[in-house]
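# Structural overview
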Amino acid sequence: MLILDQVNKIYEGRGGRVHAVSDANLTVKSGEFITVLGPSGCGKSTLLHMLGGFEPMTSGSITLNGKAIEAPGRDRGMVFQHATLFPWRTIEANVAWPLETNGSSKKQARVEARELLALVGLDGFAKSYPGELSGGMRQRAAIARTLALEPSILLMDEPFGALDSQTRELMQEELNRIWQEAQLTVVFITHDINEAVFLGDRVVVMSARPGRIISDTTIELDRPRGDETKRDPRFLEYHHQFWSLIREQMVMPGSKGTPAS
């Protein structure tokens, strides 16, 4: 459903020319969960923002369901690292907002919002305000609000990066459940190798800048996934495989194999 063909992104500025993404080719099928790894500054987020239509490409093409992506659209839902909620609206009203702006009556929007809150495990917090919820709960609400758009694909830019480690692991399991129940297609950016392996049907690894796709690996671990998944010997093998790739990309010229700090 999503096809990237020879996608390049070059920034021109006072500091010179920066080639952020180089000749990226990728195909994502409907219902797949794709995770993207790579060293810091490799262009992962830039790639995702081009998928969302927030960043223009320098060259190449990106199509979703046969249509070229040239600007943001409701067919692509974006979830950022920090939950983007209106602090003055209840959680229910936050989730209902995109439905109301799309023409639903206030009553119908609230009904659908409550259904989405139940999906993400927040059905008891509809009348709460964002400031009354934990970071993980706010991120669940942000996911629910994005799902209200009924996007064809969900784009997630390190959505759990600001959470503590325990909450992050719980959110990974919750996202797996939501993905399966809602039959979503997801492209998920992360720095965390374990997170990428746990969540992904496929793990895509990008090189150091300019970011190229240097690996695209199918993860052959059974679903649904839980604690036992992370104890599977194959899980550790995948971690070692991807860390070796990323470590190679982090080695500085002349450092004799010492990773960059």
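Quick caveat: nothing in here was measured; it's all calculated off a predicted structure.

## Examining the overall build of the protein chain
A count of helices and strands for the protein chain gives 7 helices and 10 strands. Dimensions along the principal axes, computed over C-alpha positions, put the protein chain at roughly 65 × 45 × 35 Å. Counting the 261 residues in the protein chain, one finds 48% classified as buried. Counting only contacts in the protein chain whose residues sit at least 6 apart along the sequence, the fraction spanning at least 24 positions is 67%.

## Side note on unusual backbone geometry
Trans is the prevailing form of peptide bonds, just as negative phi is the prevailing case for residues other than glycine. In the segment running from Arg-209 into Pro-210, the intervening peptide bond is cis, with an omega of 0 degrees. Here Pro-210 shows up in the loop between strand E9 (202-206) and strand E10 (213-218). The omega torsion of the bond from Arg-223 to Pro-224 falls at 0 degrees, within 30 degrees of zero and hence cis. Relative to the assigned elements, Pro-224 resides in the loop between E10 and helix H7 (233-250). The residue Gln-6 is not glycine, and still its phi comes out positive at about 50 degrees. The phi dihedral of Asp-23 falls on the positive side, at around 45 degrees, and the residue is not glycine. In this fold, Asp-23 is placed in strand E2 (residues 16-28). On the basis of relative accessible area, Asp-23 is assigned to the partly exposed category, the value being 38%.

## Things to note about the sheet that holds strand E4 (residues 59-64)
With antiparallel pairing, 4 strands are arranged side by side in an open sheet as E2-E1-E4-E5. Of all the strands in the sheet, just E2 and strand E5 (67-68) have a single pairing partner and so form its edges. Summarising the sheet, strand E1 (residues 2-13) and E4 pair through 5 bridges and their orientation is antiparallel. Bridge pairing links Leu-4 to Ile-62 in E4.

## A short note on the environment of Leu-170
Note on placement: Leu-170 falls in helix H5 (residues 165-182). Note: C-alpha distance between Leu-170 and Gln-180 (10 residues apart in sequence) is 16 Å.

## Observations concerning helix H4 (residues 135-147)
With 13 residues, H4 should cover 18 Å at 1.5 Å per step; its first-to-last C-alpha distance of 18 Å lies within 8% of that length. Of all 13 residues making up H4, 11 are buried, and the element is well covered by its neighbours. Among all positions in H4, only Gly-136, Met-137, Gln-139, Arg-140, Ala-141, Ala-142, Ile-143, Ala-144, Arg-145, Thr-146 and Leu-147 are buried. On its buried face, H4 is in contact with strand E6 (76-79), helix H2 (91-101), helix H3 (106-119), strand E7 (153-157) and H5.

## A few points about the side chain of Ser-215
On the secondary structure map, Ser-215 appears in strand E10. A polar atom in the side chain of Ser-215 sits 3.2 Å from the side chain of Thr-217. Once residues lying within four places of it in the same chain are set aside, the contact partners of Ser-215 are Val-203, Val-204, Val-205, Phe-242 and Leu-245.

## A few points about the pairing of E9
With 5 of 5 residues buried, E9 lies mostly within the body of the structure. Every second residue of E9 is oriented toward a common face, with Arg-202, Val-204 and Met-206 on one face and Val-203 and Val-205 on the other, all of them buried. Where strand E3 (residues 33-37) meets E9, 4 bridges bridge the pair, whose relative direction is parallel. Considered in E9, the bridge of Leu-37 is made with Val-205.

## Notes on the sheet that holds E10
Strand order in the open sheet formed by 6 strands is E6-E7-E8-E3-E9-E10, with mixed pairing between adjacent strands. Each edge of the open sheet carries a strand with a single partner, namely E6 and E10. On average, adjacent strands in this sheet sit at an angle of 15 degrees to one another, irrespective of strand direction. Where E7 lies against strand E8 (residues 186-189), 4 bridges are found, and the strand directions are parallel. Each residue of the ladder has a partner; that of Asp-157, found in E8, is Ile-189. Here H7 sits on the sheet in contact with E3, E9 and E10, set at roughly 175 degrees to E10.

What counts, and at which threshold
Residues numbered from 1 in each chain as written. Predicted model: local features only at pLDDT ≥ 70, side-chain atom pairs only at ≥ 80, totals over all residues. Heavy atoms only, no water. Helix = DSSP H or I, 4+ residues; strand = E, 2+ residues; numbered from the N terminus. Buried < 20%, exposed > 50% of the residue type's maximum accessible area, 1.4 Å probe, protein only. Contact = heavy atoms within 4.5 Å. Pairing = 2+ DSSP bridges. Expected span 1.5 Å × (residues − 1). Polar contact = N/O pair within 3.5 Å; in protein donor to acceptor, adjacent residues only side chain to side chain. Axes fitted to C-alpha atoms, helices over the stretch in contact; angles between N-to-C directions.

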